[in-house]
Amino acid sequence: MINVDRKKCIGCGECVDACVFGSISLKNNYPSISEDCRLCGACVRICQYNAITIKQEKKRKITNWKGILIFGEQRDGVILDVVYELLGKGRKLADILNEPLLCVILGKSVKGVNKLTFYGADEIHNFDHDNLESFNCEIYSEIISNFVKNIRPSIFLIGATSIGRELGPRIAAKLRTGLTADCTGLEINENGLLLQTRPAYGGNIMASIICPHTRPQMATVRPKVMKKLEKNEREGNIFNHEVNSDFLKSRIKILKEVKYDNHQDIENAEIIVSGGMGLGRKEGFILMEELANELNGVIAASRAAIDAGWADPTIQVGMSGKVVRPQLYIACGISGAVQHRVGMETSDVIVAINKNERAPIFDITDFGIVADLYDVIPKFIQNLKKIKI
Ligand SMILES: Cc1cc2nc3c(=O)[nH]c(=O)nc-3n(C[C@H](O)[C@H](O)[C@H](O)COP(=O)(O)OP(=O)(O)OC[C@H]3O[C@@H](n4cnc5c(N)ncnc54)[C@H](O)[C@@H]3O)c2cc1C
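Residues numbered from 1 in each chain as written. Predicted model: local features only at pLDDT ≥ 70, side-chain atom pairs only at ≥ 80, totals over all residues. Heavy atoms only, no water.

Chemist: How should I be thinking about the overall build of the protein chain in this particular structure?
Modeler: Scanning the protein chain from N- to C-terminus turns up nine helices and 21 strands. Structurally, the protein chain occupies a C-alpha span of about 90 × 55 × 50 Å along its principal axes. Each of the 389 residues in the protein chain was classed as buried or not, and the buried ones make up 48%. Sequence separation of 24 or more characterises 63% of the internal contacts of the protein chain that already satisfy a separation of 6 or more. Positive and negative side-chain charges of the protein chain, numbering 50 and 46 respectively, have mean locations separated by a distance of 6 Å. (Helix = DSSP H or I, 4+ residues; strand = E, 2+ residues; numbered from the N terminus. Buried < 20%, exposed > 50% of the residue type's maximum accessible area, 1.4 Å probe, protein only. Contact = heavy atoms within 4.5 Å. Lys, Arg positive; Asp, Glu negative; His and termini not counted. Charge placed at Lys NZ, Arg CZ, Asp CG, Glu CD.)

Chemist: So what exactly am I meant to see when it comes to the site of the ligand here?
Modeler: In the vicinity of the ligand there are 25 residues, among which Ser-302, Val-317, Ser-320, Ser-335 and Asn-354 approach most closely. A distance of 2.6 Å is found between an oxygen atom of the ligand and a side-chain nitrogen or oxygen belonging to Ser-302. Taking His-340, its side chain carries an N or O atom lying 2.8 Å from an oxygen atom of the ligand. Considered on its own, the ligand offers 990 Å² of accessible surface; in the complex 74% of this is hidden by protein. Elements supplying a minimum of two residues to the shell around the ligand: α7 (303-307) and α8 (338-341). Counted by class, the shell around the ligand contains eight nonpolar, 14 polar and three charged residues. (Near = heavy atom within 4 Å. Polar contact = N/O pair within 3.5 Å; in protein donor to acceptor, adjacent residues only side chain to side chain. Areas by Shrake-Rupley, 256 points an atom, 1.4 Å probe, with all protein chains shown as cover. Nonpolar A, V, L, I, M, F, W, Y, C, P; charged D, E, K, R; others polar.)

Chemist: Explain the sheet that holds strand β21 (residues 367-370) to me, please; I cannot follow it from the model alone.
Modeler: Where strands meet in a sheet, backbone hydrogen bonds hold them as pairs that are either parallel or antiparallel. Reading across the sheet, the five strands line up as β18-β17-β19-β20-β21 and stay open at both edges, with parallel pairing between neighbours. Unpaired on one side and paired on the other, β18 (298-301) and β21 mark the two borders of the sheet. On average, each strand axis in the sheet is inclined to that of its neighbour by 20°, with strand direction left out of account. Summarising the sheet, strand β17 (residues 271-275) and strand β19 (residues 328-332) pair through five bridges and their orientation is parallel. Paired with Ser-274 across the bridge in β19 is Ala-331. Seen against the sheet, helix α6 (residues 284-294) touches β17, β18 and β19 and runs at an angle of roughly 145° to β18. (Pairing = 2+ DSSP bridges. Axes fitted to C-alpha atoms, helices over the stretch in contact; angles between N-to-C directions.)

Chemist: Got a minute to help me understand the pairing of strand β14 (residues 205-209) in this structure?
Modeler: Note on strand geometry: in a regular strand, side chains alternate between the two faces of the sheet. Here five bridges tie strand β13 (residues 194-200) to β14, and the two strands are oriented antiparallel to one another. Looking across to β14, one finds that Pro-199 is bridged to Met-206. The turn linking β13 back onto β14 is made up of four residues, and Tyr-201 within it adopts a positive phi angle of 45°.

Chemist: Would you mind showing me how to read the nonpolar core here?
Modeler: Buried together is how nonpolar side chains tend to be arranged in soluble globular proteins. Counting residues in each nonpolar core, the largest one holds 42 residues, and the members touching the most others are Phe-285 and Ile-377. Secondary-structure elements contributing two or more residues to this core are β17, α6, β18, α7, β19, β20 (349-354) and α9 (373-388). (Core = buried A, V, L, I, M, F, W, Y, C linked by side-chain atoms within 4.5 Å.)

Chemist: So what exactly am I meant to see when it comes to the pattern of salt bridges here?
Modeler: For the structure on display, the rule yields 13 salt bridges. Here Lys-108 makes a salt bridge to Asp-130, at a shortest N to O gap of 3.8 Å. Of this pair, Lys-108 sits in the loop between β8 (101-107) and β9 (123-128) while Asp-130 sits in the loop between β9 and α4 (137-151), placing them 22 residues apart in sequence. On the basis of relative accessible area, Asp-130 is assigned to the exposed category, the value being 53%. Among the salt bridges present, the one from Asp-182 reaches Arg-222, with a minimum N-O distance of 3.5 Å. (Salt bridge = Lys/Arg side-chain N within 4 Å of Asp/Glu carboxyl O.)

Chemist: What should I look at first to understand helix α5 (residues 162-175) in this one?
Modeler: With 14 residues, α5 should reach 20 Å at 1.5 Å per residue; the first-to-last C-alpha distance of 21 Å fits that figure. Residues of α5 that are buried: Ile-163, Gly-164, Leu-167, Gly-168, Ile-171, Ala-172 and Leu-175. All buried residues of α5 project into a common sector of 135° when viewed along the axis, lining one side. Summarising the geometry of α5, the exposed residues directed more than 90 degrees from the buried face are Ser-162 and Ala-173. Considering only its buried residues, α5 is in contact with β5 (68-71), β6 (74-75), α4, β10 (155-159), β11 (179-183) and β15 (217-221). Phi turns positive one or two residues past the end of α5, at Arg-176, with a value near 50°. (Expected span 1.5 Å × (residues − 1). Arc of directions from axis to C-beta.)

This is how it looks when you write it as structure tokens:
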């Protein structure tokens, strides 16, 4: 909370100049602070008259928060793969902390709820109701934040899907806790805190973030970054919860759901042929298609190739695109910038074709071919055709 003491203020306006966010203006000779204020304290430091003060919120108690909670996102009653991936990582973290792993599901007659224990969960908390069939951010966030207040997990993980990205910040705001978006790594540090790692400053550094003062420690994680556990018939408990009718009130009315026809599902593809600026022209993607068809795979692209208008933005791999984890990723004419690598480096086998032997992509490849892709790929396609005959 920021306050101006009018008895001390002389209206010099130094605070106005000091505010880099432009949140302070002088009204009737007194500073008026707008909602844009980030509480950075620059005005407090500049004021020689001690007229501006920031009152710190009382530190909240963070004891008695235990367990790791995973949001069990579903679409059309089917639990998404990212939930299994988060359960895999959550299980490892829960074992380190010696705390339980929980999963909360909202929906209507969601399939496979009881099988989530086979993938690591100790407890499944199921909210089943007609009104929860379709995602409604107001209703979902109300139910989940109240549930979290009751069970008090120390960590809460959500898939960084379109739904997770909308839901996570809303829940974090309701719980007045921090949230790290789009994490690529999660570990427990020596103090038992969640180390949340994500690319920062355009992918040029990896930032490890902690949330020491509030609970739960919340993070969203992109699909395909974590690995799901092998199915294992382990025991767990399922709790079916009544839905409080007060929480079902919403200003949002869903009129119709329109499904996006994602014909190029690169996130779930097992073989990806990916093209970059080395293709030199849009038509290069015809060659990519040809190779992908021979391999029963799909095509993808670097951001630079997409920015050049050579491919559809839905098939962009990387930091500002999608994370993929195929069995085989063939990078053709892609330099291997870090922003591209974070989207594909966990692929099982990586092959790169690049003219430049010093291209950074070769640092992470299993097989590297230093050559002109227009020499190599047609021969590759020819040989694949021969094998098929
Ligand atoms: C905030 C931010 C987010 C970003 N997000 C993404 C992202 O999500 N995904 C992404 O891909 N990028 C992203 N980028 C851009 C990224 O930094 C790179 O600019 C981009 O990945 C480069 O694409 P490229 O490898 O296709 O092109 P280039 O870097 O131009 O590389 C082309 C490569 O092709 C090789 N080559 C040229 N001709 C041939 C040939 N005939 N045969 C074989 N090899 C050849 C060259 O040696 C070179 O290595 C982001 C950048 C920023 C700042």
